[in-house]
Amino acid sequence: MLKKRSLYILLFNSLLFGVMLGAGISEALFVMPAWFKAPPTSLLLIQERASGAMSFWIPLQMAVLGTLIGSLVLNWRAPARRMLIAGALGVYALVWVATGAWFAPEIMSLSSLAAQGPYDADLAARGGRWLQLSWGRHVLLACGWVLVGTAISKWEAAS
């Protein structure tokens, strides 16, 4: 039964990683560009979306973290899977550090600016830089997802 649980939690973690990655890419393509289209006025869109976004992203991130830790615990005795899951956890931690150190403070700073006045090219450039650098987080999450998927394939080989 423990073997099955170790597989099930890996599968669930892979699903959650996929949801997180897909939602992040979807927002980066279809939602976030509008935030910086005509600043400072368009920055109001960030504030309008903030509470709904937090109620989606925070539980999803906690679930990914919880299933990653659970996967690591349940697969601890399988060195190949343990290393892959630990790598995914490390990548995920790196995304959290980058988000906490720069991405979250920067978007909060931008969203708190007065939404009045003419178009501001400097704000648009700042927002564009934030969007471009966000793709790095998506790449890191994709790497974590691949590591989890590889761990799943190792489970199959070990069974």
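This is a predicted model, so every value here is computed, not measured. (Residues numbered from 1 in each chain as written. Predicted model: local features only at pLDDT ≥ 70, side-chain atom pairs only at ≥ 80, totals over all residues. Heavy atoms only, no water.)

1. Section: helix α4 (residues 79–111)
Between its terminal C-alpha atoms α4 stretches 45 Å, which fits the 48 Å expected from 33 residues at 1.5 Å a residue. At Thr99, α4 shows its largest kink, close to 50°. (Helix = DSSP H or I, 4+ residues; strand = E, 2+ residues; numbered from the N terminus. Expected span 1.5 Å × (residues − 1). Bend = angle between axes of the 7 residues up to and from the residue.)

2. Topic: a nonpolar patch on the surface
Taken together, Phe12, Leu15, Val19 and Phe56 make up a surface patch of nonpolar side chains, about 360 Å² in accessible area. Counting residues per element, the nonpolar patch draws most heavily on helix α1 (residues 2–30), which supplies three residues. Within the fold, Leu15 resides in helix α1. (Patch = residues over 30% accessible without salt bridge, like charges linked within 9 Å, V, L, I, M, F, W, Y side chains within 5 Å. Areas by Shrake-Rupley, 256 points an atom, 1.4 Å probe, with all protein chains shown as cover. Salt bridge = Lys/Arg side-chain N within 4 Å of Asp/Glu carboxyl O.)

3. Some details on unusual backbone geometry
Geometrically, the link from Pro39 to Pro40 is a cis peptide bond, its omega value of 10° lying close to zero. Structurally, Pro40 can be placed in the loop between α2 (32–35) and α3 (44–74).

4. Some words on the pattern of salt bridges
Within the structure shown, the criterion is met by two salt bridges. Of the charged contacts in the structure, one is a salt bridge between Arg49 and Glu27, with a shortest N-O distance of 2.3 Å. Highlighted residues: Arg49 in helix α3 and Glu27 in helix α1, separated in sequence by 22 residues. Under the relative-accessibility criterion, Arg49 is labelled partly exposed at 30%. On the basis of relative accessible area, Glu27 is assigned to the buried category, the value being 11%. (Buried < 20%, exposed > 50% of the residue type's maximum accessible area, 1.4 Å probe, protein only.)

5. Some words on the environment of Gly87
Residue placement: Gly87 occurs in helix α4. Classification of Gly87 by relative accessible area gives partly exposed; the value is 26%. Between the C-alpha atoms of Gly87 and Leu147, which are 60 residues apart in sequence, the distance is 7.0 Å.

6. Focus: the packing of α3 against α4
Interaxial distance between α3 and α4 falls to 11 Å at its minimum, and their mutual angle equals 160°. One finds that α3 runs roughly antiparallel with respect to α4. Remark: the crossing between α3 and α4 carries left-handed chirality. Between α3, through Ile46, Gln47, Gln61, Met62, Val64, Leu65, Leu68, Ile69, Ser71 and Leu72, and α4, the contact on the second element is made entirely by Arg82, Ile85, Ala86, Ala88, Leu89, Tyr92, Trp96, Ile107 and Ser111. Here the residues of the contact of α3 with α4 are counted per class, giving 14 nonpolar, four polar and one charged. (Axes fitted to C-alpha atoms, helices over the stretch in contact; angles between N-to-C directions. Parallel < 35°, antiparallel > 145°, perpendicular 65-115°, else oblique. Left-handed = near helix turned anticlockwise from the far one by under 90°. Contact = heavy atoms within 4.5 Å. Nonpolar A, V, L, I, M, F, W, Y, C, P; charged D, E, K, R; others polar.)

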